[in-house]
Amino acid sequence: MTSPDTAPRPVHDETSGGRRVVARGLFAGTTPVANAALYAVVRHGSGDQTRSTLHLQRGARADMNTFFGRFPASYWQRWTTATSVTVSLQVHASAHFRAVLMASDIGSHHRIVDAVELTDPAVDGPQTISIDAPLNVFADGGAMWLSFEAIDGAARVDSVEWSVTAAGPRRPVSVAICTHNRVPQCAETVAALASDDQAMSAVDGVWVVDQGTDTVDRHPLFEQVRPTFGDKLHYIQQKNLGGAGGFSRGLLEAVRRNPQGDVILMDDDILCEPETVLRLGAFASMTESPAIVGAQMLFLHNPTYLLASAERVDLVTLRRGVAGDKFAQQNKDMLKKITDRRIDAQYNGWWTCLIPAEVVARIGMPLPVFFQWDDVEYGLRAARSGIPTVTLPGAGVWHADFYWKDVDGFAHYFATRNGLITAALEPGFRADAVIKELSRDIVRSVVSLQYGLAYTQLRALNDFLDGPAILDDGGATALAEINAERKRFAETVITPMTAVPASVPIRRAAPPPKPGWENAVLAKRVAAHARGRLIGGPVAVSFEDATWWHVGQFDHVFVTDASQHGCRERRYRRDLAREMTDRLVRLSMRFRREAPAVAEQYRSAMPELTSTGNWERLYGI
């Protein structure tokens, strides 16, 4: 059992051989949306939590075996040069108090690493507890956390810090935020960063790249917090080049300023946990070799739910966020269980993700694909050069739930086109398998009466085959054209729910096809649409019930939009069904002939497309 240290601890040194704070133990978030149980939980008795302090009444027990409270020991052992970690805390105890350092393993078995007992009340102020632990038994999984017990009297805990021996001087960290007409959200994200002095002390610069027509620099909150940053805050306005263009501008400017630094890309519309900036920067500074280090995404509307432990991609079906590991958590409540297994990622979303300058020097800038798949492509390209992506548990932000976004939008053009480009760049591009899956997906759109979505996918397929020249302007022309072209399809427009007549019946989902029968059912729906033999409508179908095999039975359907803002009115159109089917047949044949050669064109163009010179041309600088 370790003895308490009542002497003041030295200030953490950020030079080689000194101590580096790599995580703080916080007890609550910055807003009520951030459930305090994600930080610490009082398991027995009574207590209360503020962001920096835990108050426990006599007999109360609490622990930090939580999403933000755990130290991801397995990731530190696997990826960093740290061989041990020290956790320290200050305790104001009126009587007997116990602090225990707990650990888990790959099988989620819990054990005690060390414990400290305070038996004499401190009359002159807080007592400091410090516990050291080696990072040598967490290769496949496991974490560490603190638990507390106020045994014979009330106690207060604060100043919890996890630190390691620094491997060298502190690396400069910059934050690059891309925004487009999300003024209040962007201002709130910047304000969240400004609210945490300790997290921002490690930040060398904040770059806000504004591509909107409604600019954030005039928002009162942005103006209010701007002086907090002093000369650290850099505000840039430019034409809209999508997320890829906005993030790349911040990345370019930050790397120019600090060629040996790290850049954290951050969405404008997240609910930001500033501690995540500290944890990403500290972890990246200690990795054995340069690594992309990403934060996990919690759902904004369901704030205790995690999107995924780490993300993988299927380059045949063009699906992101697939479950590549049966032990990975997806759409799971973090208050119920947190996985202890180390899960390796292929890429990390750029809601909040750190990219070292060395990575940019080695593999170049992001592709000018406007948005969608830019983060996936960059992670896969880094991996081909031996640079891993690490999704770091306990580093997280809240982002709008993807479940609330409907696929039928202009964004699906970029998702399809850029997914094809990403697949083509990867060695072993399986063109025949890709077009088979994509064709099936487009047919599902047609039988679902989503002719605009089918057109969007077909336009993306056509533009991919036109080769790298489609990226010459960074995607601005494609954005304007696909938005204009989609207007001819009535079902692409969201209408109020009041547009649904009261007499329209609700039809719940039919059972899914039996295993192995999906293609046969799809063929049956295609035949029925070709002959016009559908069930007469109108009917109403909820978003969750709007599967292709169900909606495809009717000729007139009101389908709730994923956003729940309204609905889309879909009607059977034999002429459009035939038009989309004919286009699909022609483009599929062309894809099978030309895709391998087109893939070579994209690979050959990569050095130029991802060069700083190309981005400077797009920015006009």
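Below is a summary of the structure that appears in this document. Counting of residues starts from 1 at the beginning of each chain's written sequence and follows it residue by residue. Local features are withheld for residues below a pLDDT of 70 in this predicted model, meaning they are given only at 70 or higher, and side-chain atom pairs are given and counted only at 80 or more; totals for whole chains, interfaces and linings count all residues. Only hydrogens and water are removed before side-chain values are computed, so all heavy atoms of the structure are retained for them.

## What to know about the overall build of the protein chain
Rules: In this text, helices come from DSSP runs of H or I with a minimum length of four residues, and strands from runs of E with a minimum of two, each type numbered from the N-terminal end. Only C-alpha atoms enter the radius of gyration, while the globule expectation follows 2.2 Å times N to the 0.38, with N the number of residues. The buried label goes to any residue with under 20% of its type's maximum accessible area, the exposed label to any with over 50%, and the partly exposed label to all in between, with areas taken from a 1.4 Å probe on protein chains only. Working rule for contacts: check all heavy atoms of both residues, and any pair within 4.5 Å makes them a contact. The positive count covers Lys and Arg only, the negative count covers Asp and Glu only, and His and the chain ends enter neither. To locate a charge, take atom NZ for lysine, CZ for arginine, CG for aspartate or CD for glutamate.
What the protein chain contains, in helices and strands, is 16 helices and 25 strands. Compactness check: the protein chain gives a C-alpha radius of gyration of 27 Å against a globular reference of 25 Å for 621 residues, within 12% of the reference. When the backbone C-alpha atoms are referred to their principal axes, the protein chain occupies close to 85 × 55 × 50 Å. Looking at the 621 residues of the protein chain, the share that counts as buried comes to 58%. Partitioning the contacts of the protein chain with sequence separation of at least 6, the portion at a separation of at least 24 is 79%. If you average the places of the 66 positive and of the 70 negative side-chain charges in the protein chain, the two averages end up 8 Å apart.

## What about the packing of helix α9 (residues 411-425) against helix α12 (residues 476-485)?
Two quantities define a packed helix pair, namely the angle between the helix axes and the distance between the axes. Applicable threshold: All axes here are fitted lines through C-alpha atoms, helices being fitted over the stretch that makes contact, and every angle between N-to-C directions spans 0 to 180 degrees. Each angle gets one of four labels, with under 35 degrees taken as roughly parallel, over 145 as roughly antiparallel, 65 to 115 as roughly perpendicular, and the rest as oblique. Left-handed describes a crossing whose near helix is turned anticlockwise from the far helix through less than a right angle; right-handed describes the clockwise counterpart.
In contact at an axis separation of 9 Å, α9 and α12 are set at 130° when each is read in the N-to-C sense. Relative to α12, the element α9 is oriented oblique. The crossing of α9 and α12 is right-handed. Across from Tyr413, Phe414 and Arg417 in α9, the residues of α12 making contact are Ala478, Leu479 and Ile482.

## Things to note about the sheet that holds strand β8 (residues 110-118)
Selection rule: Pairing between strands is defined by DSSP: at least two bridges between the two strands are required.
The strand order across the open sheet built from five strands is β2-β5-β10-β7-β8, with neighbouring strands paired in antiparallel fashion. Across the chains shown, the open sheet's two edge strands, defined by having one partner strand only, are β2 (41-44) and β8. For this sheet, the mean inter-axis angle between neighbouring strands, taken without regard to orientation, is 25°. Where strand β5 (residues 61-63) and strand β10 (residues 144-150) come together, three bridges link them in antiparallel fashion. Paired with Ala62 across the bridge in β10 is Phe148.

## Here's the deal with unusual backbone geometry
A cis amide bond links Gly537 to the next residue, Pro538, at an omega of 5°. Tracing the backbone through its elements, the reader meets Pro538 in the loop between α13 (518-531) and β23 (539-541). At Ser159, a residue that is not glycine, the phi angle is positive and equals roughly 55°. Here Ser159 shows up in strand β11 (residues 155-165). The exposure class of Ser159 is partly exposed, given its relative accessible area of 39%. One non-glycine residue, Gln372, lies in the positive phi region at around 75°. Inspection of the secondary structure assignment puts Gln372 in the loop between α7 (357-363) and α8 (374-384).

## Looking at the sheet that holds β23
The strands that make up a sheet are held in pairs by hydrogen bonds between backbone atoms, and each pair lies either parallel or antiparallel. The strand order across the open sheet formed by three strands is β23-β24-β25, and the pairing between neighbours is mixed. Strands at the two margins of the open sheet, each flanked by one partner only, are β23 and β25 (567-571). When strand polarity is set aside, the average angle formed by the axes of neighbouring strands in this sheet is 25°. Pairing geometry for β23 and strand β24 (residues 556-560), over three bridges, is parallel. Counterpart to Val539 in the pairing with β24 is Val557.

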